[in-house]
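Examination of the molecular architecture
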Amino acid sequence: MPDKKKITLALKRGASCVGCDIAVVNFSEKLFELIEVADIVFSPTLLDVKYDDLIKMPDKSITIGLYHGAVRNSDNEEFAKIMREKCQILIAYGACAHLGGIPGLANVSNRAKIFETVYKKTFSTDNPEGIYPQTEWTDEKGHKLTLPEFYDEVYALDDVVDVDYYVPACPPTHVMNMQILNLIKGWVEGKLELPPKGSVIAEEKTLCDECPRNPGKGKKIKIDKLRLITEVEPDPEKCFLEQGILCLGPATRAGCGAPCIEANMPCRGCMGPTSRVMDQGGSMLSALASIFGVSENELELSEEDIEKFVSQMKDPLGCFYRFSLPKSLLHRVVQDK
Amino acid sequence: MSNNDDKLNILVFTCNWCAYAGADLAGVSRLQMPTEFRQIRTMCSARVDPEFILYAFKNGADGVMVAGCHPGDCHYIGGNYRTRRRMALLKLLLQQFGLNPKRFRLEWVSAGEGQKFAQVINEFVNEIKELGPSPYRKKQEVRDAG
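Computed from a predicted structure; not experimentally measured. (Residues numbered from 1 in each chain as written. Chains lettered and ligands numbered in written order. Predicted model: local features only at pLDDT ≥ 70, side-chain atom pairs only at ≥ 80, totals over all residues.)

**So, the overall build of chain A**
The cut-off we apply is this: Helix and strand definitions follow DSSP, with helices as H or I runs of at least four residues and strands as E runs of at least two, each counted in order from the N terminus. In this description, any two residues whose backbone-derived C-beta atoms lie within 7 Å of each other are considered to be in contact.
Along its length, chain A carries 12 helices and 9 strands. Taking the principal axes of the C-alpha coordinates as reference, chain A spans close to 75 × 65 × 30 Å. The contacts in chain A between residues at least 6 apart in sequence include a share of 76% that link residues at least 24 apart.

Pasting the structure below:
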């Protein structure tokens, strides 16, 4: 239980699309219940505040801080550290802060290549002198201008600061927000204890476990051909994997309420892996490779045939690690001989 | 695993029923093999989760080999059919991660093929020696430090 009747809340974004700020608005009418127990003291998207306001607040004066977005430049890192100093409880809110998210896919490249594409190669760029962003620049009158340093690699929030809780998903759904609301309300009223530090506020099982399309225990799924969701009209009731459509359900944490599945779209894995596995991609790779059917003529298949078979899976890295590359076992792509 | 650049870290997963027995035969036959590799025995090659291999590369492996029974010979009937699907897909993934495909290898070695085990190990170790340490070794050191 906190020491005051009303707690304070701050929201800060890093490398984020601001969708997570909108996810807070998606508390909908329940937002008033949140405001009854918590004052939002800092949120650049929702309130008229400046960064200085946050910096001037005394240390640990904010009860709960929600940081959303990945860490990919020095500004993100600086404010992640400031948030850690000012907040008693720091929550990594959303897939980017939790696992690196979509910005984390930049780990297939590096700073030099990204700068070259963005500031040189794109069709609409006219940069004959090859000028790249500088972190510091002084004009002839002596005015100094600065820009944050762009990192070579994208990090998740807990790579740079200590994080108390994680709220996954891109963005956290209404169902998950309600879970947080009940937790915060119960805690402020002294009825609930907070979960152990480091908890992910969601389920411990995989999405398949709560999926309405799960064909049931003991039923084996076997596919011969992988289909792209863009090529077929999926059956609205049948399991996506049974239809040969890649769905990350077997390797993804449950707790989102499966809104994508309800909208007839397969899971893309934004909730990240469960705590039982080390790597979401490795887990999905096993699941997918295991349902490529074994037939009676298995012995006639050569290794090349198998290679052809599995190479139906285009871009395994991008699909299996769409939201979790910076927190995967290998973190990023490297250059080998 | 060792972070010493001169010493290579080569990991070989062998299944209990075929490849391990094949390796054993290579040993008792006193076939010459390099000493750079370390072996882990699993009950079946299908026990080798792709995560294990990713974990090995993360922790400084320069090359990983998975060896199991020939297709049709699996002690558990179809374990190696799953293995070859998983490992083929893993190979594509590792290539996307930027690793040279030679750093990962899948081989079938029966209990009677001591000679083949020695030959495959010699080939594999020599290939890894040519490639040198894995680029993930340095990346990991940088990440741990900062």
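**Describing the sheet that holds strand β2 (residues 37-42) of chain B**
All names here are of chain B. We apply this condition: Whether two strands pair comes down to DSSP finding at least two bridges between them. To get an axis, fit a line to the C-alpha atoms, keeping to the stretch in contact for a helix; angles then go from 0 to 180 degrees between the N-to-C directions.
Reading across from one edge, β2-β1-β3-β4 is the order of the 4 strands in this open sheet, with parallel pairing throughout. At either margin of the open sheet sits one strand with a lone partner, and together these are β2 and β4 (104-108). When the angles between neighbouring strand axes are averaged without regard to direction, this sheet yields 20 degrees. In the sheet, strand β3 (residues 63-68) pairs with β4 via 5 bridges, with the strands oriented parallel. The partner of Val66 across the bridge, within β4, is Leu106. Against the sheet, helix α4 (residues 114-131) makes contact with β1 (10-15), β2, β3 and β4, and its axis sits at roughly 165 degrees relative to β3, the strand it touches most.

**Focus on the interface of chain A and chain B**
What counts is decided by this rule: Note that Gly is not counted as nonpolar here; it falls among the polar residues with everything else outside the nonpolar set of Ala, Val, Leu, Ile, Met, Phe, Trp, Tyr, Cys and Pro and the charged set of Asp, Glu, Lys and Arg.
Listed as interface residues are 31 residues of chain A and, on the opposing side, 30 residues of chain B. Contributions of two or more residues to the side of chain A that touches chain B are made by α10 (280-291), α11 (303-310) and α12 (316-320) of chain A. The element contributing the most residues to the side of chain A that touches chain B is α10 of chain A, with 8 residues. Here the residues of the side of chain A that touches chain B sort into 17 nonpolar, 8 polar and 6 charged.

**Quick word on the packing of helix α1 (residues 19-28) of chain B against α4 of chain B**
Residue and element names in this part refer to chain B. Inclusion rule: When describing relative orientation, an angle under 35 degrees is termed roughly parallel and one over 145 degrees roughly antiparallel, while 65 to 115 degrees is termed roughly perpendicular and anything else oblique.
Where α1 meets α4, the closest approach of the two axes is 7 Å, and the angle between their N-to-C directions is 90 degrees. One finds that α1 runs roughly perpendicular with respect to α4. Between α1, through Gly22, Ala23, Leu25 and Ala26, and α4, the contact on the second element is made entirely by Gly114, Lys116, Phe117 and Ala118. Of the residues belonging to the contact of α1 with α4, the class tally is 5 nonpolar, 2 polar and 1 charged.

**Side note on the nonpolar core**
So the rule is basically this: Defined on buried residues, the nonpolar core groups Ala, Val, Leu, Ile, Met, Phe, Trp, Tyr and Cys residues joined through C-beta atoms within 7 Å. Every C-beta atom is placed from the backbone, and the number of other C-beta atoms within 10 Å of a residue's own sets its class: buried at 20 or more, exposed at 12 or fewer, partly exposed in between. Domain delimitation follows an automatic or database domain assignment.
Ranked by internal contacts, the top residues of the largest apolar core, which has 125 residues, are Tyr67, Ile91 and Ala92 of chain A together with Phe57 of chain B. It is α4 of chain B that contributes the most residues to this core, 7 residues altogether. Formed jointly, this core draws a minimum of three residues from each of two domains, domain 1 (7-102 + 153-188) and domain 3 (207-327) of chain A. Apart from residues no more than four positions distant in its own chain, Tyr67 of chain A is found in contact with Lys12, Gly14, Ala80, Met83, Leu90, Ala92, Tyr93, Ala97 and Leu157 of chain A.

**Structural notes on the domain arrangement of chain A**
All names here are of chain A. In terms of domain boundaries, chain A breaks down into domain 1 (7-102 + 153-188), domain 2 (110-151) and domain 3 (207-327). A C-alpha centroid distance of 30 Å is found between domain 1 and domain 2. At the level of elements, β4 (71-73) and α4 (74-86) are the ones that each hand at least two residues to the side of domain 1 that touches domain 2. Residue composition of the side of domain 1 that touches domain 2, by class: no nonpolar, 2 polar and 3 charged.

**A short note on unusual backbone geometry**
For the peptide bond that leads from Cys170 of chain A to Pro171 of chain A, omega is -15 degrees, which places it in the cis range. You will see that Arg30 of chain B, though not glycine, has its phi angle at about 55 degrees, which is positive. For Arg30 of chain B, the location among the structural elements is in the loop between α1 and β2. Overall, Arg30 of chain B belongs to the exposed group, with 9 C-beta atoms counted inside 10 Å. Phi angles above zero are rare outside glycine, and Ile77 of chain B is one such case at about 70 degrees. Following the sequence through the fold, Ile77 of chain B ends up in the loop between β3 and α3 (79-96). Judged by local crowding, Ile77 of chain B falls into the exposed class, with 10 C-beta atoms found within 10 Å.

**Digging into the pairing of strand β5 (residues 87-93) of chain A**
All names here are of chain A. For β5, a buried count of 6 out of 7 residues is recorded, marking the element as mostly surrounded by other parts of the structure. Bridge analysis of strand β3 (residues 62-68) against β5 gives 5 bridges, and the strand direction is parallel. By the bridge assignment, Gly65 is partnered in β5 with Leu90.

**Overview of the environment of Gly68 of chain B**
Residues and elements named next belong to chain B. Structurally, Gly68 can be placed in strand β3. For the pair formed by Gly68 and Trp17, sequence separation is 51 residues and the distance between their alpha carbons is 8.1 Å. When near neighbours in sequence (up to four residues on either side) are disregarded, Gly68 contacts Cys15, Cys18, Ala19, Ser45, Asn80, Thr83 and Trp108.

**Describing α11 of chain A**
Residues and elements named next belong to chain A. We count it as follows: An arc is given here, and it is the one of the directions from the helix axis to the C-beta atoms.
Those residues of α11 not exposed but buried are Ile306, Phe309 and Val310. All buried residues of α11 project into a common sector of 85 degrees when viewed along the axis, lining one side. Relative to its buried face, α11 has exposed residues pointing more than 90 degrees away, namely Glu304 and Lys308.

**Observations concerning the sheet that holds β5 of chain A**
All names here are of chain A. Strands sit in the order β2-β1-β3-β5-β9 across an open sheet of 5 strands; the sheet is parallel. Edge positions in the sheet fall to β2 (38-42) and β9 (165-167), since each of these pairs with one other strand and no more. Going across the sheet, the axis of each strand differs from the next one's by a mean of 30 degrees, ignoring polarity. Taken together, the 3 bridges between β5 and β9 define a ladder with parallel strand orientation.

**Digging into the pairing of strand β1 (residues 7-13) of chain A**
All names here are of chain A. The buried count for β1 comes to 6 of 7 residues, which makes it a mostly enclosed element. The pairing of β1 with β2 spans 4 bridges and is classified as parallel. Across the sheet, residue Thr8 finds its bridge partner in β2, namely Asp39. Two elements, β1 and β3, share 5 bridges in a ladder whose sense is parallel. Paired with Arg13 across the two strands is His68, which belongs to β3.

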